[in-house]
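Inside the fold
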Amino acid sequence: DSGVTQTPKHLITATGQRVTLRCSPRSGDLSVYWYQQSLDQGLQFLIQYYNGEERAKGNILERFSAQQFPDLHSELNLSSLELGDSALYFCASSARTGLGNTIYFGEGSWLTVV
Amino acid sequence: SQQGEEDPQALSIQEGENATMNCSYKTSINNLQWYRQNSGRGLVHLILIRSNEREKHSGRLRVTLDTSKKSSSLLITASRAADTASYFCATGWNTGNQFYFGTGTSLTVIP
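**Brief notes about the sheet that holds strand S3 (residues 19–24) of chain A**
Residues and elements named next belong to chain A. On the basis of which strands lie adjacent, the open sheet formed by four strands has the order S1-S3-S8-S7 and antiparallel pairing. In this open sheet, the two edge strands, each paired with only one partner strand, are strand S1 (5–7) and strand S7 (64–68). The average undirected angle you get between the axes of adjacent strands in this sheet is 15°.

Rendered as structure tokens:
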């Protein structure tokens, strides 16, 4: 158990809908990352937050947004969903940003768009 | 792309044999990490090697790093069926702590 908690574990929704994925980082971790894993794209870095502020953006679509709250949990919002958004979405956390930090992954949220 | 690329994409060995997988990357890095992912599960951190290190050991794992060739290798000795998983390298570089993952090596250890 990495200590990173993600909900829901599985989600099925229709195209055009909006969903919110939730992540609770490990106790004390300030940095949260979101990754998308799909068969054709591999593991893609989406976005990173550190202590409530956006730190870095990767391949995140404009239809997607995220935030980190004062209690350090994070949410990833996916809107106007398309079939191609079906993927496993991971949240990860680390103690701080900077170099040499191990990041710990949650078990992921399986999103299926039908 | 800053992503690492693992090689081979798939590897099948007998239990007890050693498994070697390689990772190549494109930019200068500060550290490189290896992760394991069992099918449909989260990634588990295995080992981190810093750019000023050449080799690191952890149990049956040995990682090497050659920054001049921008490559790393992960050796799993005396493999077990439980080692069956996908293995990813992740590169951490200068402008923050975003880690970019390669496409992974799928390892199958046959009992």
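**Here we look at the side chain of Thr64 of chain B**
Residue and element names in this part refer to chain B. Among the secondary structure elements, Thr64 is positioned in strand S7 (residues 61–66). A polar contact is formed between the side chain of Thr64 and the side chain of Ser73, at a distance of 2.5 Å. Those residues in contact with Thr64 that lie beyond four places of it in its chain are Ile49, Arg54, Glu55, Ser71, Ser72 and Ser73.

**Topic: the state of the cysteines**
Residues and elements named next belong to chain A. Within the structure shown, the criterion is met by two disulfides over all chains. Covalent S-S linkage joins Cys23 and Cys91, the inter-sulfur distance amounting to 1.8 Å. Taking the sign of the torsion about the S-S bond as the criterion, the disulfide between Cys23 and Cys91, at about -55°, is left-handed. On the criterion of sequence distance, the pair formed by Cys23 in strand S3 and Cys91 in strand S9 (residues 87–94) is long-range, its members being 68 residues apart. For the pair shown, Cys23 and Cys91 are each scored as buried.

**Quick look at the pattern of salt bridges**
According to the stated counting rule, one finds seven salt bridges over all chains in the structure shown. In this structure, Lys56 of chain B and Glu53 of chain B form a salt bridge, with 3.9 Å as the shortest nitrogen-oxygen distance. With a relative accessible area of 23%, Glu53 of chain B lands in the partly exposed category. Counted as one network, the salt bridges with shared partners bring together Arg63, Glu82 and Asp85 of chain A.

**Observations regarding the environment of Ser68 of chain B**
Residue and element names in this part refer to chain B. Within the secondary structure, Ser68 sits in the loop between S7 and strand S8 (71–76). Put simply, Ser68 and Ser28 are 40 residues apart on the chain and 9.5 Å apart in space, counted from C-alpha to C-alpha. Here the side chain of Ser68 touches Asp66 through a polar contact of 2.5 Å, side chain to side chain.

**A few points about the environment of Pro8 of chain B**
Residue and element names in this part refer to chain B. Topologically, Pro8 is positioned in the loop between strand S1 (5–7) and strand S2 (10–14). The exposure class of Pro8 is partly exposed, given its relative accessible area of 23%. Considering only alpha carbons, one finds Pro8 and Arg41, 33 residues apart in sequence, at a separation of 21 Å.

**Observations regarding the packing of aromatic side chains**
Evaluated as defined, the whole model comprises nine aromatic pairs over all chains. A ring pair is formed by Phe105 of chain A and Phe101 of chain B, whose centres lie 5.6 Å apart and whose planes are at 80°; its orientation type is edge-to-face. Placement of the pair is Phe105 of chain A in strand S10 (residues 104–105) and Phe101 of chain B in strand S10 (residues 99–101), with the two residues belonging to separate chains. Neither Phe105 of chain A nor Phe101 of chain B differs from the other in exposure class; each is buried. Each residue in the set Tyr35, Phe45, Phe90 and Phe105 of chain A together with Tyr35, Phe88 and Phe101 of chain B is aromatic and connected to the rest through ring pairs, giving one cluster. Directly above the aromatic system of Tyr104 of chain A lies the positively charged group of Arg26 of chain A, at a separation of 3.8 Å from the ring centroid.

**Things to note about the pairing of strand S6 (residues 53–57) of chain A**
Residues and elements named next belong to chain A. Where strand S5 (residues 42–50) meets S6, four bridges bridge the pair, whose relative direction is antiparallel. For Tyr49, the partnering residue across the bridge sits in S6 and is Glu54. Two successive antiparallel strands, S5 and S6, enclose a turn made up of two residues, where Asn51 displays a positive phi of approximately 50°.

**Concerning the layout of surface pockets**
Size it by volume and the largest pocket reaches roughly 480 Å³. What lines the largest pocket is a set of 20 residues, among which Gln37, Ser38 and Leu39 of chain A together with Gln37 and Phe88 of chain B lie closest to the centre. The set of elements that each furnish at least two residues to the lining of the largest pocket consists of strand S4 (31–38), S5 and S9 of chain A together with strand S9 (85–92) and strand S11 (105–110) of chain B. Taken together, the residues of the lining of the largest pocket sort by class into six nonpolar, 14 polar and no charged. Its boundaries defined by the atoms lining it, the second largest pocket holds a volume of some 260 Å³. Asp1, Ser2, Val4, Phe105 and Glu107 of chain A are the residues nearest the centre of the second largest pocket, which is lined by 16 residues in total.

Scoring rules and cut-offs
- Residues numbered from 1 in each chain as written.
- Chains lettered and ligands numbered in written order.
- Predicted model: local features only at pLDDT ≥ 70, side-chain atom pairs only at ≥ 80, totals over all residues.
- Heavy atoms only, no water.
- Pairing = 2+ DSSP bridges.
- Helix = DSSP H or I, 4+ residues; strand = E, 2+ residues; numbered from the N terminus.
- Axes fitted to C-alpha atoms, helices over the stretch in contact; angles between N-to-C directions.
- Polar contact = N/O pair within 3.5 Å; in protein donor to acceptor, adjacent residues only side chain to side chain.
- Contact = heavy atoms within 4.5 Å.
- Disulfide = S-S within 2.5 Å.
- Buried < 20%, exposed > 50% of the residue type's maximum accessible area, 1.4 Å probe, protein only.
- Salt bridge = Lys/Arg side-chain N within 4 Å of Asp/Glu carboxyl O.
- Phe/Tyr/Trp six-rings, centres within 6.5 Å; stacked < 30°, edge-to-face > 60°.
- Lys NZ or Arg CZ within 6 Å of the ring centre and 35° of its normal.
- 1 Å grid on protein atoms, 1.4 Å probe; cavity = no way out; pocket = protein on both sides within 12 Å on 5 of 7 lines; lining within 4 Å.
- Points joined across faces, edges and corners; volume = space filled by probe spheres on them.
- Nonpolar A, V, L, I, M, F, W, Y, C, P; charged D, E, K, R; others polar.

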